[in-house]
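Fold and geometry: a report
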Amino acid sequence: MKSALQSTAVLGSALLVILLAYAPLWTECDNALPMAGEDAFKNYYTLAYYLQHNPAGLHFEGMNYPFGEHVIYTDNQPAVAMMLKAANAIVPLQTSLPLLMMLLVFISCALGAWAMSNTVKEGGLPLWLNGLLCIALVLLSPQLQRINGHYSLAYAGLIPVAFWLDHRVALKAGAGRWLALLSFLFILAFVHPYFLVMVTGVLILGHFAQHFLQRQKWTHYLKSLLLLIVPMLAFQILMALTDGIADRPANPYGFLVYKAAIESVFLPIGLPYFSFVTGTLSEYLQPSEEGFFYLGVSSILAAGLMIFIRIRKRTLLMQEADALNTQTFIYARTLGALPVLLLAMGIPFVIHPLEEFLPALGPLRQFRGIGRFVFVVYFALGLNLLWYVSLQFKQWRASGQAKALIIPGILTALLVFEAWSYRQQLLDTNLNQMAELQVPDLELNAASYQCIYPLPYFHIGSETFRTKANQSILRKSLELSMASGLPLNAVQMSRTSLSQTIAQFDLSTMVDGQPGVLDHYDMERPVLVVHVEGEPLSENDQRIVDHAQAVGEWNGLQLYAFSPEQLMIIASENRLAALPKIIPATQDSVLIDTVDSIGKEAPQDEFFFIGFGGANAPRDRANVHTLRRSAQNNLFKILPTGYLDAQESYVISFWIDASQPQSMNTQLLISESKDDESLQYNLFEVTDRIISIQEEWALIEIPFERQRVGSDLKLILYRDGEDIDVFLDDLMVRRPGSEVRLEHDWVNINNRFFEPSGGENVPLPGN
């Protein structure tokens, strides 16, 4: 009874302190949300849309119409979304969702403090000190940085609860306790898959360390491994049964970019009291790309002291007959967390040439934000801090010497000080980033439309293939989707199918022929085209607006009704408008006899074209040029000597195989040099230069201003990370505005081949 009262007191006190500490934040969340970056509003939207409009289940319909997406890849906190959707059927929650999201985060923090308190309660700390340390540890959690965007990762209490359940298993491994632990790990995947992977990894290593300390047989290692991987296997099986997509990006870019830096782990970079050091040493400090991964000075010192004590007392290993106690449990989990900390910092893969072994990590590379693995290390070391302070208090009680309180007193004071400083930094940052939600009533019969088509069109769904971010249309179209219940054919997610991505780009960069994605549309039902007034549009987007029927305005958006059949009209107009330009041949329309290499009859200052496999050859990997993309900057000479060597503007264009994984996540560098003197580098992202998509090939077009007559132009394909082959075809260099006619019976317009669906060449009139 006494233990239950103490646990209740810790839980209640923790919740009260945390809510009061962050009152300025959650009390402003009625109509607003803390936001940072392009993911923030999307992560709110996916939860809000699921709650209000989406059918229950694992399929999300709000974006990527007509395909939709699996909820796991939307970052909508599926476990939370399903719970709130069930509650919403009883009590409407959508109007107070921002407040609920913040409160759930802080409730999880209180549960985390309660779980840590219960894990170390046999240490004998006074209840008030136990609670103070646990609350301070939760308040300093690096996870709380995520409340401004990656909301599902901000639940700072989930990892301590997993450790508490593991502690119960370690002390008495009954079937019920194992079931509780494994079930909780499985549920973690449906808050965010990172939780399942990082917690399972530390628990497995912690169990291995425990068996090693106890000098146990190999069968104990095998049992722990087989049991602890059950939730991960169950999750993989469920995903295989419910997600039919086979071409998601397998190796998202940034594995060694979004790691935790040594500085951000061991130094309080970003905390107010450390700002003078950060300013002085800014050129030497390189914190993580993703920000705050600090372990806390108290936890770092306590871990070092505990390991030193074990070495000094020669108690690194236990006797096989010794019973496992909480001290050894915590020590083992601390040791198990250390390899995970190294991985979070990219070690050993940051050491050249060990980066070449990254592919050996297999599916783990899907978790590109490995810096987040510090979250679980933080709480493993936090439990160690709690236990170390407990040991020091025991020593004081046994000896009665006040000096025994010096170290625990210093560690406690440092922890509380840093937690409060961190709280202030979070408030200062997020209170300035509160974004009001704008979802006014929509005076439009949304049921008449099948989806929303935003312009400028955005597709930020595949890590390797995306448009430029446009915050204005992104946010407003998501707000319209929430207000109307209509899905977006645009995408702002993370692991969208590559083939679906190409299909969506085909729609938005249409040049000729019917985009394949229209096979999934209702051709009799209009789409709702929306455009932010004043935003510039591409030629194709503008044609859509020109052919659409204006139906009103909403929240700064111009609304239009547009029939999918009109896309075919636009495609036909594109082709008809292009053909007259090259008939008959003029000074700017050059007739060439050979398309495999240089036009023999064409002046050398008009254009250069090389078809590699030939212009009539199928555009496949057997008939194209293969260029190795690597960090070693492999060069490809664009022009032979004597061609287009004037000092003027040119356009460089070529096709690239978009279906090759990672190829569209390539940086293009156009290098100009002469006589070993480097004149200029122009850097582009492939996806920023897409002109058209045809049958999984993307046309890339780059304007270029030549600096010197007769200089050499070279193309460099580059990206940090794994080397890959990139496939190029039909390279052309020409003057801006010029048109090129190939052979006598088909045309090339700015390197765009116009072919009917049957693959035959388009005949010119009169031939």
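Residues numbered from 1 in each chain as written. Predicted model: local features only at pLDDT ≥ 70, side-chain atom pairs only at ≥ 80, totals over all residues. Heavy atoms only, no water.

Let us now look at the overall build of the protein chain. Looking only at helices and strands, the protein chain has 21 helices and 24 strands in total. Across the 767 residues of the protein chain, 54% fall into the buried class. In the protein chain, the proportion of contacts linking residues at least 24 apart, taken out of those at least 6 apart, comes to 78%. Carbon and sulfur atoms form 57% of the exposed surface of the protein chain, whose accessible area is close to 31400 Å². (Helix = DSSP H or I, 4+ residues; strand = E, 2+ residues; numbered from the N terminus. Buried < 20%, exposed > 50% of the residue type's maximum accessible area, 1.4 Å probe, protein only. Contact = heavy atoms within 4.5 Å. Areas by Shrake-Rupley, 256 points an atom, 1.4 Å probe, with all protein chains shown as cover.)

Another point: the packing of helix α16 (residues 374–399) against helix α17 (residues 406–431). Two packed helices can be described by the angle between their axes and the distance between those axes. At their nearest, the axes of α16 and α17 sit 9 Å apart, and the two run at 145 degrees to each other. Handedness of the α16/α17 crossing: left-handed. Across the interface between the two elements, L385, Y388, V389, Q392 and F393 from α16 touch I407, P408, L411, T412 and L415 from α17. Considered class by class, the residues forming the contact of α16 with α17 number eight nonpolar, two polar and no charged. (Axes fitted to C-alpha atoms, helices over the stretch in contact; angles between N-to-C directions. Left-handed = near helix turned anticlockwise from the far one by under 90°. Nonpolar A, V, L, I, M, F, W, Y, C, P; charged D, E, K, R; others polar.)

Spatial ordering of the open sheet is given by β5-β8-β10-β9, a layout of four strands whose pairing is mixed. Whereas interior strands pair on both sides, the edge strands pair on one side only; in this sheet they are β5 (452–455) and β9 (549–554). Ignoring which end each strand starts from, the neighbouring axes of this sheet average 25 degrees apart. Summarising the sheet, β9 and strand β10 (residues 557–562) pair through five bridges and their orientation is antiparallel. Following the sheet pairing, A550 is matched in β10 by Y560. (Pairing = 2+ DSSP bridges.)

Next up on the list: the pairing of strand β15 (residues 649–657). In terms of residue burial, β15 counts as a mostly covered element, since eight of its nine residues are buried. Bridge count between β15 and strand β19 (residues 697–705): nine bridges; the pairing is antiparallel. Within the sheet, the bridge partner assigned to S653 lies in β19 and is E701. Relative to strand β21 (residues 724–734), β15 runs antiparallel, the two sharing five bridges. Directly across from V651, in β21, lies its bridge partner R734.

In this structure, the amide linkage connecting I347 to the following residue, P348, adopts the cis form with an omega of 15 degrees. When you line up the elements, P348 lands in the loop between α15 (326–344) and α16. Positive phi, normally seen in glycine, also occurs at D75, with a value near 60 degrees.

Attention now goes to the nonpolar core. Core analysis: the biggest nonpolar cluster contains 179 residues, and Y22, Y44 and F373 have the highest contact counts within it. Take this core: its biggest share by element is 15 residues, from α16. Apart from residues no more than four positions distant in its own chain, Y44 is found in contact with L33, L97, P98, M101, Y151, L437 and M482. (Core = buried A, V, L, I, M, F, W, Y, C linked by side-chain atoms within 4.5 Å.)

According to the stated counting rule, one finds five salt bridges in the structure shown. When the shortest N-O distance is used, the salt bridge between R333 and D166 registers 3.0 Å. One end of the pair, R333, is in helix α15; the other, D166, is in helix α7 (residues 158–171), and 167 residues separate them in sequence. Residue R248 is joined to D243 by a salt bridge in which the shortest nitrogen-to-oxygen separation is 2.8 Å. (Salt bridge = Lys/Arg side-chain N within 4 Å of Asp/Glu carboxyl O.)

Following both chains from N to C, one finds helix α5 (residues 97–119) and helix α6 (residues 127–139) inclined at 135 degrees, their axes separated by 9 Å at the closest point. The orientation of α5 with respect to α6, classified from their angle, is oblique. By crossing handedness, the relation of α5 to α6 is classed as right-handed. Packed against α5, whose contacting residues are C109, G112, A113, M116 and S117, the element α6 presents N130, C134, I135, L137 and V138 at the interface. Of the residues assigned to the contact of α5 with α6, the class counts are seven nonpolar, three polar and no charged. (Parallel < 35°, antiparallel > 145°, perpendicular 65-115°, else oblique.)

A few words now on the packing of aromatic side chains. One pass over the structure, following the stated rule, counts 18 aromatic pairs. By way of ring pairs, the aromatic residues Y45, Y49 and F60 are connected into one cluster. The side chain of K85 reaches across the aromatic face of Y50, ending 5.7 Å from its centre. Its guanidinium or amino end placed over the ring of Y73, R248 lies 3.8 Å from that ring's centre, counting from NZ or CZ. (Phe/Tyr/Trp six-rings, centres within 6.5 Å; stacked < 30°, edge-to-face > 60°. Lys NZ or Arg CZ within 6 Å of the ring centre and 35° of its normal.)

Our focus in this paragraph is a nonpolar patch on the surface. On the surface, L11, I107 and L111 cluster together to form a nonpolar patch covering roughly 210 Å² of accessible area. Residue placement: L11 occurs in helix α1 (residues 2–21). With relative accessibility at 30%, the residue L11 sits in the partly exposed group. (Patch = residues over 30% accessible without salt bridge, like charges linked within 9 Å, V, L, I, M, F, W, Y side chains within 5 Å.)

Here the focus is the side chain of Q425. Within the secondary structure layout, Q425 lies in helix α17. Ignoring sequence-local partners within four residues, the contact set of Q425 consists of Q145, G270 and P272.

This brings us to helix α18 (residues 471–484). Helix length check: α18 (14 residues) gives 20 Å between terminal C-alpha atoms against 20 Å at 1.5 Å per residue, within 8%. All of the buried residues along α18 are I473, L474, S477, L478, E479, L480, S481, M482 and S484. Tucked inside the fold, the buried residues of α18 contact α3 (38–52), β5, β7 (491–492), β8 (527–532), β9 and β10. Within two residues after α18, G485 carries a phi angle of roughly 80 degrees, on the positive side. (Expected span 1.5 Å × (residues − 1).)

Burial of β10 is extensive: six of the six residues sit out of reach of the surface. Here β10 shows a buried face lined by L557, L559 and A561 and a second buried face lined by Q558, Y560 and F562. Looking at chain direction, β8 and β10 are connected through six bridges and run antiparallel. Residue pairing across strands places V530 opposite L559, the latter belonging to β10. Counted between consecutive antiparallel strands, the loop separating β9 from β10 contains two residues, among which N555 sits at a positive phi close to 50 degrees.

Here we come to helix α9 (residues 193–213). The end-to-end C-alpha distance of α9, which contains 21 residues, comes to 30 Å, matching closely the 30 Å that a straight helix rising 1.5 Å per residue would cover. Of all 21 residues in α9, 17 are buried; the element is thus mostly enclosed. Directly beyond the C-terminal end of α9, a positive phi value near 55 degrees is found at R215.

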